[in-house]
Amino acid sequence: MGSIEKENKELRRSLHLLTNKVERNEAILRSFFEMEIRLFSCSSLNELLDLILIEFREHFRLTAVNLILLDPENAARDLLDDYTPPEPGHSLRFVNNQRLLTSLFPTPKLRVGELSAPLKSIAFPSTPSVLSSALLPLVRHNCLIGSLHLGSNDPTRYSEHFDYDYIGHMASVISVCIENCINQQNLKRLSIIDMLTKVNNRRAFDQEIVKELSRASRHKTALSCLFIDLDFFKLVNDNFGHQIGDKVLQSVGILLKKNLRKTDFIARYGGEEFAILLPNCNSEKAIEIGNQLRQKILHMVIHDSECKPFRISASIGVTCCTPESFAFDDLDAQAHALLKAADEAVYQAKDRGRNRIEYCPLPNMKPELFNTLSPSLNGN
């Protein structure tokens, strides 16, 4: 009887250990499944990177999470102007070729365990306390596009003696999500960006002005609008050719982005016309900004196809919508009035000699008068 009881006891112990292992594995798989759903729900690269670099670390109790992405054409970096990784320069790195990635993965297979000092300096440059790690190759269409590094200060956390199929599956999911986010955001950019000047297009501006008016109305702040029309631009095309004309437009687009705030909204509104929204900016400040831009455009040196320098000037119209001038419940009508005033200011600048700035106030209109006046506004 003693031996049977001993065997039963051993069986119960083995069953208990097996049950604990199954429960632990189920918990791990459930945790990965929950994270997988969140990965697929990310709609932007910023959101996806925050999930991987910040929340992975907390969710999976890791010491470090680092990511290297192949980005030879800056497709990803162009989408991350406002993104700051947890450890700039360390947790997120971009490479222009596969040299570094292939040094980590001679074959595109998961690497687990303790790293050599040279590999650790590549995978975890700012976290020497990592004692075991999993390096995940990110592969799409048989191409190595990146490397995700999961590091732990527990030397037994990752070992080559265990199977990590679920981590390999997670790497495949992350690869798909990175590609999807970049493609979706680039498609969206194509619909709202003017490809020549790389500023927003008119469609984007017409959407943004309504959003900014709504925000200004809620917060009781001013919203100014600038229209910039390049003077005698047709002569540039006629005298130097359309390639030089395109070069002028590109140069102006770069100048505007360089000299305005990130909160300002710049768009190419027409052929040689740019429109700018200046949130939380009164008329005096808007006129000052407009004059600064006019002078910078005037002093910009452009070279023709024979490398001969020439300059161009701009006429600028300014208007401003203050909390007191919100006359319409209809934001589209308010936007129409704002654009009409800025456009009239440009025409005044043209009529008064060009290379100047003019201010045109919004009409003093009451809501009940708008219905009788709207046909003339819509007719312009």
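Residues numbered from 1 in each chain as written. Predicted model: local features only at pLDDT ≥ 70, side-chain atom pairs only at ≥ 80, totals over all residues. Heavy atoms only, no water.

Turning to the pattern of salt bridges, a few remarks are in order. Within the structure shown, the criterion is met by 16 salt bridges. Put simply, Glu55 and Arg38 hold a salt bridge, and the shortest N to O gap is 2.6 Å. Residue Glu55 is located in helix α2 (residues 45–59), and its partner Arg38 is located in helix α1 (residues 2–41); the two are separated by 17 residues in the primary sequence. Taking the relative accessible area as the measure of exposure, Arg38 reaches 35% and is therefore partly exposed. (Salt bridge = Lys/Arg side-chain N within 4 Å of Asp/Glu carboxyl O. Helix = DSSP H or I, 4+ residues; strand = E, 2+ residues; numbered from the N terminus. Buried < 20%, exposed > 50% of the residue type's maximum accessible area, 1.4 Å probe, protein only.)

This part takes up a nonpolar patch on the surface. Nonpolar side chains collect at one region of the surface, where Leu187, Leu190 and Met195 lie side by side and expose about 310 Å² of accessible area between them. Within the fold, Leu190 resides in helix α5 (residues 165–192). (Patch = residues over 30% accessible without salt bridge, like charges linked within 9 Å, V, L, I, M, F, W, Y side chains within 5 Å. Areas by Shrake-Rupley, 256 points an atom, 1.4 Å probe, with all protein chains shown as cover.)

Note on placement: Phe94 falls in strand β2 (residues 92–95). In this structure, the C-alpha to C-alpha distance between Phe94 and Gly146, residues 52 residues apart in sequence, is 8.7 Å. Setting aside its immediate chain neighbours within four residues, Phe94 contacts Leu69, Asp71, Ala76, Arg77 and Leu80. (Contact = heavy atoms within 4.5 Å.)

Since one α-helical turn is 3.6 residues long, residues separated by three or four positions face the same way. The terminal C-alpha atoms of α2, which comprises 15 residues, lie 19 Å apart, in line with the 21 Å expected from a rise of 1.5 Å per residue. Taking the largest bend as the criterion, α2 deviates by roughly 30 degrees, centred on Leu51. Looking at α2, one finds that the buried residues are Leu45, Leu48, Leu49, Leu51, Ile52, Leu53 and Phe56. In the segment just after α2, Arg61 is the residue with positive phi, at about 55 degrees. (Expected span 1.5 Å × (residues − 1). Bend = angle between axes of the 7 residues up to and from the residue.)

Here the protein averages 86 in pLDDT, while 88% of its residues score no lower than 70. Within the protein, no element has a lower average pLDDT than helix α11 (residues 367–378), which sits at 42, and none a higher one than strand β8 (residues 273–279), at 97. Note on residues 367–380: pLDDT is under 50 here. Beyond four places in sequence and across chains, it has 10 contacts. (pLDDT = per-residue confidence, 0-100.)

By the element assignment, Gln185 lies in helix α5. Given the relative accessible area of 17%, Gln185 is considered buried. Those residues in contact with Gln185 that sit more than four places away from it in its chain are Ser43, Ser44, Leu45 and Leu79.

On to unusual backbone geometry. In the Ramachandran plot, His141 falls in the positive-phi region, its phi being about 55 degrees despite a non-glycine side chain. Structurally, the position occupied by His141 is in the loop between β4 (132–140) and β5 (143–152).

A separate point is the nonpolar core. The biggest cluster of nonpolar side chains holds 38 residues, and the ones touching the most others in it are Leu39, Leu48, Phe56, Leu138, Leu148, Leu150 and Ile174. Elements that contribute at least two residues to this core include exactly α1, α2, β1 (64–70), β4, β5 and α5. It is α5 that contributes the most residues to this core, 9 residues altogether. In contact with Leu150, other than residues within four places in its own chain, are Phe56, Leu62, Ala64, Val65, Phe124, Ser132, Ser133, Ala134, Leu136 and Tyr158. Membership of the second largest hydrophobic core comes to 30 residues, among which are Leu230, Ile276, Ala286 and Ile312. (Core = buried A, V, L, I, M, F, W, Y, C linked by side-chain atoms within 4.5 Å.)

Take the side chain of Glu273 next. With respect to the secondary-structure elements, Glu273 resides in strand β8. For the buried Glu273, no salt bridge exists, and the shortest N-O distance to an oppositely charged side chain is 6.6 Å, to Arg202. Not counting the four nearest positions on each side in its chain, Glu273 is found in contact with Phe227, Ile228, Asp229, Ala267, Arg268, Asp343 and Val346. (Lys, Arg positive; Asp, Glu negative; His and termini not counted.)

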